[in-house]
Amino acid sequence: MTGPALVPDTLVANGVRLHFRRGGSGPPVVLLHGWPQTGHCWRHVAGPLAADHTVIVPDLRGYGASDKPTSGMDKRTMAADVSALVRHLGFDRVAVVGHDRGGRVAHRWALDRPEEVTRLAVLDIAPTRATWQRMDAELGAKYWHWLFHLQPDLPERLAGADVEGYLRYFLEKWTYAREGLEPSAIAEYVRAFSQPGALRCGFDDYRADAVDSRHDEEDFGAGRRVTQPLLALWGAEGVMGQTLPMLDLWREYADDVSGRGIERCAHFVPEERPQEVIEELRTFLAEA
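Fair warning: this is a prediction, and the values are worked out from it, not measured in the lab. (Residues numbered from 1 in each chain as written. Predicted model: local features only at pLDDT ≥ 70, side-chain atom pairs only at ≥ 80, totals over all residues. Heavy atoms only, no water.)

On to the UniProt feature "domain: AB hydrolase-1" (unreviewed entry) in the chain, then. If you check UniProt for "domain: AB hydrolase-1" (unreviewed entry), the listed places come out as residues 27-134 in our numbering. Spanning residues 27-134, this segment combines 33% helix with 21% strand, and its end C-alpha atoms are found 37 Å apart. (UniProt positions renumbered as here; feature names shortened; annotations may be inferred. Helix = DSSP H or I, 4+ residues; strand = E, 2+ residues; numbered from the N terminus.)

This is how it looks when you write it as structure tokens:
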């Protein structure tokens, strides 16, 4: 799984410095990461896609080598960041792929700026509003981290005492093999979240749910939906695949939905099953 190398760069977009990697040529596609990760999560996917696409892989606001502001972790602002970034790079319309929290940013981008998003792929994520509506005892037990991260100050205090131990819990437990990701990837994520402000920003991403939920309710009430083709992929052995009717949920919020669960895979889809993700994305993007 090789392809053109992606070159790192930094731009000020929407008032924050965003670190990103760019490579390849052809129709542009933006890859957005989730928590507790950075753009590094696309390392197995970005190069092969860059063989026939211009691939842009940012570290979202608050993550990785991007700025760690004390505000603006709501998905509307984060989507405005990446929108400004791609426009700085000379692109008016892009395909967007988001994993985990990056999928929530991608969803918001498609709703707020539909003229900019040609196609939308969401990996191992259900619509935020739909997830909250189904938050019962079973889902709450599996999504305890979401509720914990909403609390002020305490997550930083506890996780900050052992950043590696806290991240390893998720990076290992949320994989199908339960062996975790490769050591070099874990080391990179631990390094990234050990930087000043990084834990706070990651938790603020979750704490923005009050604002994000208000935006979602406003859109749903107004009948705004994703009109672009939407591809949903998820780990068949993860929480999503075993708990939620993923395609049915996305069809409540989007007009043209396709997708499937990927076998022998849990949450970290681009890293656990990169070849299948590459094949699915190439087919999906080629339909444009």
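Text resumes after the structure shown.
Our focus in this paragraph is the pattern of salt bridges. Two side chains that carry opposite charge are able to pair once their charged atoms sit near each other. Summed over the entire model, instances satisfying the criterion amount to 29 salt bridges. Here Asp205 ties to Arg101 by a salt bridge, and the two come within 3.2 Å at their closest N and O atoms. Placement of the pair is Asp205 in helix α10 (residues 198-207) and Arg101 in helix α3 (residues 101-112), with a sequence separation of 104 residues. We classify Arg101 as buried; its relative accessible area is 2%. Where Asp209 meets Arg101, a salt bridge forms, and the shortest distance between an N and an O atom there is 3.4 Å. (Salt bridge = Lys/Arg side-chain N within 4 Å of Asp/Glu carboxyl O. Buried < 20%, exposed > 50% of the residue type's maximum accessible area, 1.4 Å probe, protein only.)

For the rest of this paragraph, the subject is the packing of α3 against helix α11 (residues 209-222). Contact pair α3 / α11: the axes reach a minimum separation of 12 Å and the direction vectors enclose 40°. Considered as vectors, α3 and α11 are oriented oblique to each other. Between α3 and α11 lies a crossing of left-handed hand. Across the interface between the two elements, Arg101, Arg108, Leu111 and Asp112 of α3 pack against Asp209, His215, Asp216 and Asp219 of α11. Residues of the contact of α3 with α11, tallied by class, amount to 1 nonpolar, 1 polar and 6 charged. (Axes fitted to C-alpha atoms, helices over the stretch in contact; angles between N-to-C directions. Parallel < 35°, antiparallel > 145°, perpendicular 65-115°, else oblique. Left-handed = near helix turned anticlockwise from the far one by under 90°. Contact = heavy atoms within 4.5 Å. Nonpolar A, V, L, I, M, F, W, Y, C, P; charged D, E, K, R; others polar.)

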